[in-house]
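Given next are the chains, with one letter for each unit.
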2 protein chains.
Amino acid sequence: QEKTPMYGLIGQMLAAPGKRDDLLAILGESTGDMPGCLSYVIAKDPANADALWITEVWTDKDAHAASLKLPAVQAAIAKARPIIAGFPQHFDTIPVTGHGLAKP
Amino acid sequence: QEKTPMYGLIGQMLAAPGKRDDLLAILGESTGDMPGCLSYVIAKDPANADALWITEVWTDKDAHAASLKLPAVQAAIAKARPIIAGFPQHFDTIPVTGHGLAKP
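These numbers were taken from a predicted model, which means no experiment stands behind them.

**Topic: the packing of aromatic side chains**
Going through the model one piece at a time under the given rule, you end up with 2 aromatic pairs over all chains. Ring geometry for W53 of chain A against F91 of chain B: centres 4.4 Å apart, planes inclined by 35°, an arrangement best described as tilted. Of the two residues, W53 of chain A is situated in strand 3 (residues 51-58) and F91 of chain B in strand 4 (residues 84-99); the pairing between them involves two chains. For F91 of chain B, a relative accessible area of 16% translates into the label buried.

**Here we look at the interface of chain A and chain B**
Across the contact, 31 residues belong to chain A and 31 residues belong to chain B. When chain A packs against chain B, close to 2,400 Å² is buried across both sides, 69% of that on carbon and sulfur atoms. The tally of links from chain A across to chain B stands at 0 salt bridges. Our count for the chain A to chain B interface comes out at 10 residue pairs in polar contact (both at pLDDT 80 or more). Per-element tally for the side of chain A that touches chain B: the top contributor is strand 4 (residues 84-99) of chain A, with 10 residues. Of the residues in the side of chain A that touches chain B, the class split is 17 nonpolar, 11 polar and 3 charged. Examined bridge by bridge, strand 2 (residues 37-44) of chain A and strand 4 of chain B share 5 bridges and lie antiparallel to one another. Paired with Y40 of chain A across the bridge in strand 4 of chain B is H99 of chain B.

**With respect to the pairing of strand 1 (residues 7-15) of chain B**
All names here are of chain B. Counting buried positions over the 9 residues of strand 1 gives 8, a clear majority of the element. Two elements, strand 1 and strand 3 (residues 51-58), share 8 bridges in a ladder whose sense is antiparallel. Of the residues in strand 3, the one forming a bridge with G11 is I54. In the sheet, strand 1 pairs with strand 4 via 7 bridges, with the strands oriented antiparallel.

**A closer look at the packing of helix 1 (residues 20-30) of chain B against helix 3 (residues 71-80) of chain B**
Residues and elements named next belong to chain B. Between helix 1 and helix 3, whose axes approach to 9 Å, the crossing angle comes to 175°. The pairing of helix 1 with helix 3 is recorded here as roughly antiparallel in orientation. Along its contact with helix 1, which presents L23, I26, E29 and S30, the element helix 3 presents A72, V73, A76, K79 and A80. Looking at side-chain class alone, the contact of helix 1 with helix 3 contains 6 nonpolar, 1 polar and 2 charged residues.

**Section: the relation of the copies chain A and chain B**
When chain A is fitted to chain B, the best match, at an RMSD of 0.0 Å, comes from turning it 180° and sliding it 0.0 Å along the axis. With respect to symmetry, the two chain copies, as superposed, fit the operation of a two-fold axis. For chain A, the minimum C-alpha distance to the rotation axis belongs to G100 of chain A and amounts to 3.0 Å. By residue overlap, the copies meet face to face through one surface: 100% of the interface positions of chain A are interface positions in chain B.

**Here we look at helix 3 (residues 71-80) of chain A**
All names here are of chain A. Among the residues of helix 3, those classed as buried are V73, A76 and A80. Buried residues along helix 3 cover an arc of 60° about the axis, so they all sit on one side. If you follow the buried residues of helix 3, they end up packed against helix 1 (20-30), helix 2 (61-67) and strand 4.

**Here we look at the environment of Q74 of chain B**
Residue and element names in this part refer to chain B. With respect to the helices and strands, the residue Q74 is situated in helix 3. According to the relative accessible area criterion, Q74 is partly exposed, its value standing at 46%. Residues Q74 and S30, spaced 44 residues apart in sequence, show a C-alpha to C-alpha distance of 8.9 Å. Sequence-distant contacts of Q74, that is, excluding residues within four places in its chain, are made with L68 and K69.

**Comments concerning empty space enclosed by the protein**
One pass over the full model with this rule turns up 1 cavity of 30 Å³ or more. When its volume is computed, the largest cavity comes out at roughly 160 Å³. Along the walls of the largest cavity sit 23 residues, with I10, T55 and E56 of chain A together with T55 and E56 of chain B positioned nearest its centre. Elements with a minimum of two residues in the lining of the largest cavity: strand 1 (7-15), strand 2, strand 3 and strand 4 of chain A together with strand 1, strand 2 (37-44) and strand 3 of chain B. Taken together, the residues of the lining of the largest cavity break down into 14 nonpolar, 7 polar and 2 charged.

Conventions used here
- Residues numbered from 1 in each chain as written.
- Chains lettered and ligands numbered in written order.
- Predicted model: local features only at pLDDT ≥ 70, side-chain atom pairs only at ≥ 80, totals over all residues.
- Heavy atoms only, no water.
- Phe/Tyr/Trp six-rings, centres within 6.5 Å; stacked < 30°, edge-to-face > 60°.
- Helix = DSSP H or I, 4+ residues; strand = E, 2+ residues; numbered from the N terminus.
- Buried < 20%, exposed > 50% of the residue type's maximum accessible area, 1.4 Å probe, protein only.
- Contact = heavy atoms within 4.5 Å.
- Buried area = accessible area lost by both parts, 1.4 Å probe.
- Salt bridge = Lys/Arg side-chain N within 4 Å of Asp/Glu carboxyl O.
- Polar contact = N/O pair within 3.5 Å; in protein donor to acceptor, adjacent residues only side chain to side chain.
- Nonpolar A, V, L, I, M, F, W, Y, C, P; charged D, E, K, R; others polar.
- Pairing = 2+ DSSP bridges.
- Axes fitted to C-alpha atoms, helices over the stretch in contact; angles between N-to-C directions.
- Parallel < 35°, antiparallel > 145°, perpendicular 65-115°, else oblique.
- Least-squares fit on C-alpha atoms with pLDDT ≥ 70 in both.
- Arc of directions from axis to C-beta.
- 1 Å grid on protein atoms, 1.4 Å probe; cavity = no way out; pocket = protein on both sides within 12 Å on 5 of 7 lines; lining within 4 Å.
- Points joined across faces, edges and corners; volume = space filled by probe spheres on them.

That's the geometry; what it means functionally is another story.
Listed below in structure tokens is the structure:
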């Protein structure tokens, strides 16, 4: 019996010029307690002063989809939207093995 | 006093044709217990049957450099090298906040 695969996202997010720290603060607030989230890391891009890299691991694709409907996440998206300039790069992944994944 | 920043890596690794599962097994064996490693996730790339995505978070850049000298890691690199076809994409990051990071 095949287990439902984990679901991963790797994305580069671009803040409006000078707004990276503000964006980081908004995103950091909203990602504390999301069911099915095994890892959610927000990083600065050392190559671009306005860019962030976000890497996520979820128990499965449905858990990620459900997270987008959480009130805290919807509030963060609304707050962040005016200072998001784009999503230049995005990769889906199928995580297989990992160290440092939270308990679901 | 400024804390030493964390160090992150996002990399796409290409296996020799048909060798992705073998490569994944080798990498998965060697990454269990590395000092300073807060997260190490190996994922399949759903867009390329020979590609993996590896995302890493380290306490700092020195911890990552030191890990490359661990006997278990050197053995894994030697074993994997013949079936690694390349590293098409690589991004350094500065992780700032995260859910699911292991204790150092």
